[in-house]
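Below are the chains, spelled out letter by letter.
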Amino acid sequence: GPAGLACALEAKQQGLRFTVIDQETTWGGTVAKYPRRKLVLTQPVDLPLHGRIKQSTFSKEELMELWLGIAAEHQLPLRGGLTFEGVERGDDGLYVVYAGGRTFKARHVCLAIGRRGTPRKLDVPGEELPKVAHSLIDAASFESRKILVVGGGDSAIETALGLATQPGNEVTLSYRKEAFFRLKSRNAQKIGEAARSGELTLLMRSEVEAIYPDRVDLRLEEGPQERCSIANDGVFVMIGGVPPLALLENAGVSFDPSHRPPPRVIEEQGTGL
C-alpha cells in the first residue's frame, strides 16, 4: 500500500538493505482492489526520492500508474504472494518474520498492513469455488449473469448497483439484517430506488447456507418459506475484513490504553489574542 511504498522509498534513500513483503503480487494495497475509474482523494504529500505530489484527486488508474512507475524507477524489491503470519525477536536480537511459509531476518521491521486485514468469509460449503470473489474490479466485465452479492455495507451496495446496471444481469443482494445501517445517504437512496424499480432483488434477513456451481442455497428468516435456492453464476462476498489485531498482539504490539503516554496538557501561551 501507500505506506509501505513510502517506507520502501525512505529505506532506499537511507541506503538500507531491505525487502518488501506483501500478500498481493503488485503494489497498490487496497487501492488496487478499487473498481475501475473510482475517484481517489488524497492530500498533497512528499514521497522520498520522488518529491511532492501536489495533485489531490486521482482516478484509481492514475494513482496506480504513478505508484507502479515510482516502484519501477527505483527498483524497489517486492516479494509478493507472501502473507504476513507473525514476527518475533530471536535470541540473537534480530527479528524473525514469518510470511507465506518462509522466514526472514532483519534488524528492523516496519508493519504497514493497514486495518483492512484479510477478507471476512462466510464459512459455508462451496466458498472456495472460482466463481466466488471478495472484490469487484470492473462491473462492465459481467454481463448476462445471475449474481448474488452478500453484505449490507457501502461496498456491497455499490457492488450490487454497479452489477445491476450491466446488460442482462440478474442481481440479488442478500443481507442478514432487516434494514441497512450506516450507509452513505446516496447509497441508501439508490438501493431503495433500484429495489422498487425491480432493477435488483433484495433478500433481507437471509444467510447463505451453501454455494454450488450453478446455484446458491439461502436460509430465510421471513417470508412463506424457510429456505430458497436461486440459480447463480457468480457470488460477491462483501462483508468486510478481519482486522489484524490478534496478529499484531501476538507480535508484541499493545492496544492497552493504559500503556499510552498521557496527553500533553494544553497551556495558554503568548498573549492569547
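Quick note: structure is the one above.
Here's a quick rundown of the structure.

Each value, and the rule that gives it
- Residues numbered from 1 in each chain as written.
- Predicted model: local features only at pLDDT ≥ 70, side-chain atom pairs only at ≥ 80, totals over all residues.
- Heavy atoms only, no water.
- Helix = DSSP H or I, 4+ residues; strand = E, 2+ residues; numbered from the N terminus.
- Buried < 20%, exposed > 50% of the residue type's maximum accessible area, 1.4 Å probe, protein only.
- Contact = heavy atoms within 4.5 Å.
- Pairing = 2+ DSSP bridges.
- Axes fitted to C-alpha atoms, helices over the stretch in contact; angles between N-to-C directions.
- Patch = residues over 30% accessible without salt bridge, like charges linked within 9 Å, V, L, I, M, F, W, Y side chains within 5 Å.
- Areas by Shrake-Rupley, 256 points an atom, 1.4 Å probe, with all protein chains shown as cover.
- Salt bridge = Lys/Arg side-chain N within 4 Å of Asp/Glu carboxyl O.

Moving on: the environment of Gly240. In this structure, Gly240 sits in the loop between strand 18 (234-237) and strand 19 (241-242). Accessibility expressed as a relative area gives 48% for Gly240, which makes it partly exposed. Here the alpha-carbon distance between Gly240 and Ala156, two residues 84 residues apart in the chain, equals 9.2 Å. Look past the residues within four positions of Gly240 in its chain and what remains in contact with it is Pro119 and Arg120.

Another point: the sheet that holds strand 11 (residues 132-133). Strand order in the open sheet formed by 5 strands is 11-18-12-13-14, with parallel pairing between adjacent strands. The open sheet is flanked by strand 11 and strand 14 (201-204), the only strands paired with a single partner. Pairing of strand 12 (residues 146-150) with strand 13 (residues 170-175), which is carried by 5 bridges, proceeds in the parallel orientation. Across the sheet, residue Lys146 finds its bridge partner in strand 13, namely Glu170.

Turning to the sheet that holds strand 16 (residues 215-220), a few remarks are in order. Read across the open sheet, the 3 strands follow the order 15-16-17; overall the sheet is antiparallel. A single partner strand is all that each edge strand has here, and the edge strands are strand 15 (206-211) and strand 17 (227-231). Going across the sheet, the axis of each strand differs from the next one's by a mean of 30°, ignoring polarity. Strand direction decides the pairing type here: strand 15 and strand 16, joined by 5 bridges, are antiparallel. Counterpart to Val208 in the pairing with strand 16 is Leu218.

A cluster of nonpolar residues, Val109, Leu111, Ile113, Leu245, Val253 and Phe255, forms a patch on the protein surface that exposes about 420 Å² of accessible area. With respect to the helices, strands and loops of the structure, Val253 is situated in the segment after helix 5 (245-250).

By secondary structure assignment, the location of Ser59 is in strand 5 (residues 57-59). Leave out the neighbours within four places in its chain, and Ser59 touches Lys38 and Val40.

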